[in-house]
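Tertiary structure, described
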Amino acid sequence: MEQNVFYIKTFGCQMNERDSEIMAQTLSSHGYHESMNYQEADLVILNTCSIRAKAEQKVLSLLGYLRKAKENKPSMKICVAGCVAQQEGARLIERMPHVDLVIGTQQIYHLENHLQRVDLEGSLVITGLLDNYEIPQFLPEISQLGRVSETLSSSPAPRPCSRFVTIMQGCNNYCTYCVVPYTRGREISRKVNEIIEEVKALAEEGVKEITLLGQNVNSYGKTNTVKETGTKYTFTDLLKEVSQVEGVVRLRFTTSNPKDLTDDLMRSFRDVENLCPQFHLPVQAGSDRILKKMNRKYTVSEYLEKVDKLHEYCPEIALTTDVIVGFPGEEDEDFEATMTLLEKVRFHGSFSFKYSDRSGTRASAFVDKVDEGVKAARLYRFQNRQDEISLERNREYLGKIKEVMIEEWGRDGLRGRTDTNHIVHLNNCTADYFPGDIVAVKILHAGQHSLQGEIEKID
Ligand code: 5AD
Ligand code: SF4
């Protein structure tokens, strides 16, 4: 039987979401059809994440579950892609013999070829990482736009409005806890003209909001991109160029390492009109001693100086961060320093995690691991305080009129987002609004994780 229905489950970061889109596009152009139901699929792809042990466990348990699905439908092919595939390679097939194909992070572009080989030769593992390769150009197709947001299908007229554009891959920083340099390889920047071409294609299809993606966007241009004049292109140069593409109403980017955050880039929040006043700036820890052990290459006071500058250039900027608690050797006083940092910056929101050992990283060999119970207690305290601060921050919007971009129709009505990246639930929605529309909204309620408001009637 010809295999032509595929299902993709994506774990992890936005980079993986974009990679899943590329795989879907590759398959569609070869006559496959996407299904949102794995049971009717001939090909099930898991695009995986290995950033923390928990993410990896989720993949393994789903694979265990798929063994039964395959028993009921032996023609089903199972492919594991992404970071777990990259790290585990052949070990995955040894543990899970029902897996047919394991492809590394740089192999997604050649998925169709690999599947053909599986048909001829049986199970296959391809996970080589190349140091200096060109990221192939994949212009988006309108049929692929919106595939991630399944909820859009209930909208009167689905109109995807926000997309990710990968500008670079890999990472050269080697933070001691992080698996990314091993799963994504060395840092490679895409060519400026190819990025612009992709953004233009998206804008022409009606996409209003672009998020530029990379593990460390601030070092964009250090590899593989040369300006016509011969000098290197910086991330700020790229940002300005993307901001000028007609139709780009909102521009965002993620993720940044504070050590590479230049004054030029911070000034863009003042000078680039469509750059949204929102910035995800992972700090990881509030103790210099721990930051040093993490190999982050900045101090707390340098971080705070940058936060002050950002506020100076863009007073309404909403800052978010990532924090790891219980890094090896973290004492009570180090954790207290993280709590102090939280009080000083009062982030609008944060993602916080218990340190998780990842094999191959330097920190996994550190001997002074923190007790799991201590980590859990610290995480609980940090998250509780963050929730309180997020609520206080969100209450600052009460009574204000904010511009909200409509995103989708959810179960409880229309949902949109402010330029500061706050989700807004809209009370008085009507079918007259579509994803991508920008409306003026009066904020009436503030919760920890979202706002609620009413679209202002313009008479
Ligand atoms: N343990 C816990 N959290 C981690 N992160 C990255 N590696 C680890 C790890 N080994 C977190 C960092 C990063 C985010 C994407 O995930 O905070 O910024
Ligand atoms: Fe997870 Fe990092 Fe891989 Fe993204 S790049 S999927 S966050 S391990």
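Residues numbered from 1 in each chain as written. Chains lettered and ligands numbered in written order. Predicted model: local features only at pLDDT ≥ 70, side-chain atom pairs only at ≥ 80, totals over all residues. Heavy atoms only, no water.

**Regarding the overall build of the protein chain**
Our working rule: Put simply, DSSP marks the helices as runs of H or I at least four residues long and the strands as runs of E at least two long, and each gets a number from the N terminus on. Any residue under 20% of the maximum accessible area for its type is buried, any over 50% is exposed, and the rest in between are partly exposed; the area is computed with a 1.4 Å probe on protein chains only. Contacts are assigned to residue pairs with any non-hydrogen atoms lying within 4.5 Å of each other. Under this rule, positive means Lys or Arg and negative means Asp or Glu; His and the chain ends count for nothing. For charged residues, the charge sits on one atom: NZ in Lys, CZ in Arg, CG in Asp, CD in Glu.
Looking only at helices and strands, the protein chain has 13 helices and 19 strands in total. Counting only C-alpha atoms, the protein chain reaches 65 × 60 × 50 Å along its principal axes. Looking at the protein chain as a whole, 56% of its 459 residues are labelled buried. Once local pairs closer than 6 in sequence are excluded, the contacts in the protein chain between residues at least 24 apart make up 73%. Placing the 57 positive and 67 negative side-chain charges of the protein chain at their respective mean positions leaves the two points 4 Å apart.

**Things to note about the domain arrangement of the protein chain**
Going by this rule: These domain limits were set by an automatic method or by a database of domain assignments.
Segmenting the protein chain into domains produces domain 1 (4–126), domain 2 (155–276) and domain 3 (401–458). The C-alpha centroid of domain 3 is placed 36 Å from the C-alpha centroid of domain 1.

**Structural notes on the sheet that holds strand β16 (residues 413–418)**
Spelled out, the test is: Pairing between two strands is assigned when DSSP locates at least 2 bridges connecting them. Fitted lines through C-alpha atoms give the axes, limited to the stretch in contact for helices. The angle between two N-to-C directions lies from 0 to 180 degrees.
Read around the closed barrel, five strands run β15-β16-β17-β19-β18, paired in mixed fashion. Adjacent strand axes in the sheet meet at a mean angle of 50 degrees, parallel and antiparallel pairs treated alike.

**Quick look at the site of ligand 2**
Heads up, the rule is: Whether a residue is near a molecule or strand depends on its heavy atoms: if one lies within 4 Å, it is near. The nonpolar class holds Ala, Val, Leu, Ile, Met, Phe, Trp, Tyr, Cys and Pro. Asp, Glu, Lys and Arg form the charged class, and all remaining residues, Gly among them, are polar.
Ligand 2 sits among C13, N16, T48, C49, S50, I51, C83, V180, R184 and Q215. Across the shell around ligand 2, the residue classes break down as five nonpolar, four polar and one charged.

**Describing the site of ligand 1**
In plain terms, the rule: Pairs of N or O atoms are called polar contacts if they sit within 3.5 Å, as long as, within protein, a hydrogen donor faces a hydrogen acceptor (for residues adjacent in sequence, only side-chain-to-side-chain pairs). In this description, accessible areas are obtained by the Shrake-Rupley approach with a 1.4 Å probe, and a residue is regarded as covered only by the protein chains that are shown.
Ligand 1 sits among I51, R52, Y177, Q284, D322, I324, F353, K354, Y355, S356 and R358. Between Y177 and ligand 1, the recorded distance is 3.0 Å, taken from a backbone N or O atom to a nitrogen atom. Residue S356 places a main-chain N or O atom 2.8 Å away from a nitrogen atom belonging to ligand 1. Relative to its unbound accessible area of 410 Å², ligand 1 is 86% covered by the protein chains. Sorting the residues of the shell around ligand 1 by element identifies β13 (318–325) and β14 (349–354) as the ones contributing at least two each. Here the shell around ligand 1 is built from residues that sort into five nonpolar, two polar and four charged.

**A few points about the sheet that holds strand β5 (residues 101–103)**
Across the sheet, six strands lie side by side as β2-β1-β3-β4-β5-β6; this open sheet has parallel pairing. Sheet topology places β2 (33–34) and β6 (124–126) at the edges, where each strand pairs with a single neighbour. The pairing of strand β4 (residues 77–81) with β5 spans two bridges and is parallel. Note that in β5 the partner of V80 across the bridge is V102. Of the strands in this sheet, β1 (5–10), β2, β3 (43–48), β4 and β5 touch helix α1 (residues 14–28), which is tilted by about 175 degrees from β1. Here helix α5 (residues 111–121) sits on the sheet in contact with β3, β4, β5 and β6, set at roughly 150 degrees to β5.

**Digging into the pattern of salt bridges**
Stated precisely, the cut-off is as follows: When a carboxyl oxygen of Asp or Glu is within 4 Å of a side-chain nitrogen of Lys or Arg, the pair counts as a salt bridge.
All chains considered together, the criterion is met by 35 salt bridges. Where R117 meets E121, a salt bridge forms, and the shortest distance between an N and an O atom there is 3.3 Å. Here the residue R117 and the residue E121 both occupy positions in helix α5, the gap between them amounting to four residues, near one helical turn. When the shortest N-O distance is used, the salt bridge between D260 and K222 registers 3.9 Å. Within this pair, whereas D260 is found in the loop between β11 (250–254) and α9 (263–271), its partner K222 is found in the loop between β10 (209–213) and α8 (235–243), the two being separated by 38 residues in sequence. Beyond isolated ion pairs, a larger network of salt bridges with shared partners links R18, E21, R163, R190 and E198.

**What to know about α1**
Note the cut-off: In a helix, the anticipated span is given by 1.5 Å times the number of residues less one.
End to end, α1 covers 21 Å across 15 residues, agreeing with the expected 21 Å (1.5 Å per residue, within 8%). With 12 of 15 residues buried, α1 lies mostly within the body of the structure. Taken together, the buried positions of α1 are M15, N16, R18, D19, S20, E21, I22, M23, A24, Q25, T26 and L27.

**Comments concerning a negative patch on the surface**
Threshold: Nonpolar side chains (Val, Leu, Ile, Met, Phe, Trp, Tyr) within 5 Å and like charges within 9 Å form the patches, drawn only from residues with over 30% relative accessible area and no salt bridge.
On the surface, a cluster of negative charge is made up of D288, E302, E305, D308 and E312. At four residues, helix α11 (residues 300–313) tops the list of elements feeding residues into the negative patch. Along the chain, the position of E305 falls in helix α11.

**Looking at the side chain of S189**
Take S189: it is sitting in strand β9 (residues 188–189). According to the relative accessible area criterion, S189 is buried, its value standing at 3%. In this structure the side chain of S189 is engaged in a polar contact, spanning 3.0 Å, whose partner is the backbone nitrogen of G221.

**Notes on the nonpolar core**
For soluble globular proteins, the rule of thumb is that nonpolar side chains tend to be buried together. How we decide: As used here, the term nonpolar core means buried Ala, Val, Leu, Ile, Met, Phe, Trp, Tyr and Cys residues forming a set that is joined through side-chain atoms within 4.5 Å.
Grouped together as the largest cluster of nonpolar side chains are 66 residues, with contacts concentrated most on L212, F235, L238 and F253. Dropping the residues within four chain positions of it, L238 is found in contact with I167, V192, I195, L212, Y220 and Y233. Among the nonpolar cores identified, the runner-up in size contains 24 residues, and M23, A24, Y32 and I126 belong to it.

**Quick look at the packing of α8 against α9**
Which entries qualify depends on this criterion: Angle categories: roughly parallel below 35 degrees, roughly antiparallel above 145, roughly perpendicular from 65 to 115, and oblique for all the rest.
It is the contact of α8 with α9, at a shortest axis distance of 9 Å, that shows an interaxial angle of 25 degrees. Our classification of the angle between α8 and α9 gives roughly parallel. Here α8 contributes F235, T236 and L239 to the contact with α9, which in turn contributes D264, L265 and S268. Partitioning the contact of α8 with α9 into residue classes produces three nonpolar, two polar and one charged.

**Observations regarding the pairing of strand β17 (residues 423–426)**
A regular strand places its side chains so that they alternate between the two faces of the sheet. Burial along β17 is one-sided: the face carrying V424 and L426 is buried and the face carrying I423 and H425 is not. Strand direction decides the pairing type here: β16 and β17, joined by four bridges, are antiparallel. Bridge pairing links R417 to I423 in β17. As consecutive antiparallel partners, β16 and β17 are separated by four residues, and within that stretch N421 has a phi angle of approximately 75 degrees, a positive value. Strand direction decides the pairing type here: β17 and strand β19 (residues 451–455), joined by three bridges, are parallel. Bridge assignment links V424 to a residue of β19, and that residue is L451.

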